[in-house]
Amino acid sequence: MKAVLLLEDGTVFEGRGFGAKGCTCGEVVFNTSMTGYQEILTDPSYHEQIITMTYPLIGNVGTNPDDWESRKVFAAGFVVKENCPYPSNWRNQQTLDAYLKANNVVGIEGIDTRRLVRHIRTQGAMRGILSSSELGIKKLAATLQEYPGLVGRDIVKDVTVAKPYEWTEGVLDVLTNTQDVPAPKYKVVAIDYGMKRNILRLLVSHGCEVVAVPAKASAKEILAHKPDGVFLSNGPGDPAAVTYAVETVKALLGKVPIFGICLGHQILSLALGGATYKLKFGHRGANHPVKNLRTGKIEITSQNHGFCVDLDSFKGKDVELTHLNLNDNTCEGIRSDKLGAFAVQYHPEASPGPHDARYLFTDFTALMAR
Ligand SMILES: NC(=O)CC[C@H](N)C(=O)O
């Protein structure tokens, strides 16, 4: 079936539809990872985003019941050069096409993804509409006009959970189908702004007993759990719009150790008096070099963010820059020793990506132990 991707600046890409037949709007972004498309599709941080994969062959390992990073496919749409209809992998249970159909996600293949990515890199991430149902450009343009984009909107409320839940699974070894679940030593409350499951699995495998709470949980409700530590999760959209989350973290600072990832890093930074801004096209991939300024070591990291913390916004404040992105010298980690809080912009839980930064989970348990 024919499909079309129309960008807000009028650029049109025509291709073949796969997955669900339908029409969807979102911010068009790209991810350079060669692997992990199922984890990427189910990362709630991609809510209201149409993901373009730069690696040309996608779907070659099919999909499976284990590699979900959340309860659903949150990506608004999927753009690939070539969707592989004949996956080959011992874990495969469903082709990517059938998986997207089953989860009502629109896909397009056969477009020049290199041209699309170069366009986004030069013009910046922008709103787009992807459709394999309505194909009339005029009608699609009118529909796209209605879509407001991400800036200034709290969309964490669309992906968070309604009530608290416990998580007991550890990191899964797919070869032996066993999990690493040591006896819990620390009680952690994780605020779920759209949390990836591998963060939860790693907290459990590092000896944490985890209860996840909705994004709007108050500091009082969180402290009532008597946690040894609080975790601030990843999540979609503009951090500055999630004002209730910033207020809650302000009320927690200094009362309990805090560790944050991605959106959690941005919310902690805002609570510490910092500021955030929108990057031109964001960082999304699995090979982004980050320098740990304390150890001097370079970590190859998994990344997925379109907003960033302004390095200069902490001038005169007792906040240490701990990690720096070596591609563009942007902030990738901060810490306040005085307040017992630290966070990174990138994804140490990988899923997908390298495991270089897993030590941060040990840093968190060491902080709680102190
Ligand atoms: N993965 C995330 O938590 C993303 C954080 C935020 N939504 C951003 O795009 O920068």
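Residues numbered from 1 in each chain as written. Predicted model: local features only at pLDDT ≥ 70, side-chain atom pairs only at ≥ 80, totals over all residues. Heavy atoms only, no water.

1. Points about the UniProt feature "domain: Carbamoyl-phosphate synthase small subunit N-terminal" (unreviewed entry) in the chain
- Per the UniProt record, "domain: Carbamoyl-phosphate synthase small subunit N-terminal" (unreviewed entry) is found at residues 1-131.
- A helix fraction of 18% and a strand fraction of 34% characterise residues 1-131, whose end C-alpha atoms lie 10 Å from each other. (UniProt positions renumbered as here; feature names shortened; annotations may be inferred. Helix = DSSP H or I, 4+ residues; strand = E, 2+ residues; numbered from the N terminus.)

2. Focus: the nonpolar core
- Counting residues in each nonpolar core, the largest one holds 36 residues, and the members touching the most others are Leu 5, Phe 78, Val 79, Leu 96, Leu 100 and Leu 116.
- Of all hydrophobic cores here, the second largest spans 34 residues; its members include Val 156, Val 242, Leu 268 and Ile 334. (Core = buried A, V, L, I, M, F, W, Y, C linked by side-chain atoms within 4.5 Å. Buried < 20%, exposed > 50% of the residue type's maximum accessible area, 1.4 Å probe, protein only.)

3. What about the sheet that holds strand S18 (residues 298-309)?
- Taken in spatial order, the 10 strands of this open sheet run S10-S14-S13-S15-S16-S21-S20-S19-S17-S18, and their pairing is mixed. Lying at the two open borders of the sheet, with one neighbouring strand each, are strand S10 (165-167) and S18. Here the strands of the sheet are splayed against their neighbours by 25 degrees on average, with no regard to which way each runs.
- Bridge analysis of strand S19 (residues 320-325) against strand S20 (residues 331-336) gives 4 bridges, and the strand direction is antiparallel. What sits directly across from His 323, in S20, is Gly 333. (Pairing = 2+ DSSP bridges. Axes fitted to C-alpha atoms, helices over the stretch in contact; angles between N-to-C directions.)

4. Side note on the pairing of strand S3 (residues 23-31)
- Of all 9 residues making up S3, 7 are buried, and the element is well covered by its neighbours.
- The pairing of S3 with strand S9 (residues 126-131) spans 6 bridges and is antiparallel. Pairing of Glu 27 across the sheet is with Arg 127, part of S9.
- With 5 bridges joining them, S3 and strand S4 (residues 49-53) adopt parallel strand pairing. Bridge assignment links Phe 30 to a residue of S4, and that residue is Thr 52.

5. Thoughts on the packing of aromatic side chains
- For the structure shown, the criterion picks out 6 aromatic pairs.
- A cation over an aromatic ring shows up here: Lys 216 above the ring of Tyr 244, its NZ or CZ 4.8 Å from the ring centre.
- The aromatic ring of Phe 342 is capped on one face by Arg 335, whose charged end is 5.1 Å from the ring centroid. (Phe/Tyr/Trp six-rings, centres within 6.5 Å; stacked < 30°, edge-to-face > 60°. Lys NZ or Arg CZ within 6 Å of the ring centre and 35° of its normal.)

6. Observations concerning the side chain of Asn 83
- In this fold, Asn 83 is placed in strand S7 (residues 82-83).
- On the accessibility criterion, Asn 83 (7% relative accessible area) is buried.
- Those residues within four positions of Asn 83 in sequence are excluded, and the remaining contacts are Phe 18, Ile 58, Leu 96, Asp 97 and Glu 109. (Contact = heavy atoms within 4.5 Å.)

7. Some thoughts on unusual backbone geometry
- For the peptide bond that leads from Ser 351 to Pro 352, omega is 10 degrees, which places it in the cis range.
- Tracing the backbone shows Pro 352 in the loop between strand S21 (341-344) and helix H10 (359-369).
- Here Cys 262, not a glycine, exhibits a phi torsion of approximately 60 degrees, which is positive.
- Structurally, the position occupied by Cys 262 is in the loop between strand S16 (258-261) and helix H9 (263-271).
- What makes Cys 262 buried here is its relative accessible area of 3%.
- Phi is positive for Ser 351, close to 45 degrees, though the residue is something other than glycine.
- On the secondary structure map, Ser 351 appears in the loop between S21 and H10.
- What makes Ser 351 buried here is its relative accessible area of 15%.

8. Topic: the sheet that holds S9
- With mixed pairing, the 7 strands of this closed barrel are ordered in space as S1-S2-S8-S6-S4-S3-S9. Strand-to-strand twist of the sheet, defined as the mean angle between neighbouring strand axes without regard to direction, takes the value 35 degrees.
- Sheet topology places strand S2 (residues 12-19) next to strand S8 (residues 106-109); 4 bridges connect them, and they run antiparallel. Each residue of the ladder has a partner; that of Gly 17, found in S8, is Ile 108.
- Across the face of the sheet, helix H3 (residues 113-123) comes into contact with strand S1 (2-7), S2, S3, S4, strand S6 (77-79) and S9 while running at roughly 80 degrees to S3.

9. Considering the UniProt feature "active site" (unreviewed entry) in the chain
- The positions that UniProt labels "active site" (unreviewed entry) are, in the present scheme, Cys 262, His 347 and Glu 349. The annotated residues occupy 88 residues of the chain but converge on a single region, no pair of C-alpha atoms lying more than 11.0 Å apart.
- Each residue touching Cys 262, except ones within four places of it in the same chain, is listed here: Asn 234, Asn 304, His 305, Val 344, Gln 345, Tyr 346 and His 347.
- For Glu 349, the location among the structural elements is in the loop between S21 and H10.
- You can call Glu 349 buried: its relative accessible area is 0%.
- Here the side chain of Glu 349 touches Lys 196 through a polar contact of 2.9 Å, side chain to side chain. (Polar contact = N/O pair within 3.5 Å; in protein donor to acceptor, adjacent residues only side chain to side chain.)

10. A short note on the site of the ligand
- Taken together, 13 residues are adjacent to the ligand, and Gly 235, Gly 237, Asn 304, Gly 306 and Phe 307 come closest.
- Gly 237 has a polar backbone atom sitting 2.8 Å from a nitrogen atom of the ligand.
- Between the ligand and Asn 304 there is a distance of 2.9 Å, counted from a nitrogen atom to a backbone nitrogen or oxygen.
- It is S18 that provides the largest number of residues to the shell around the ligand, a total of 4 residues.
- Of the residues assigned to the shell around the ligand, the class counts are 4 nonpolar, 9 polar and no charged. (Near = heavy atom within 4 Å. Nonpolar A, V, L, I, M, F, W, Y, C, P; charged D, E, K, R; others polar.)

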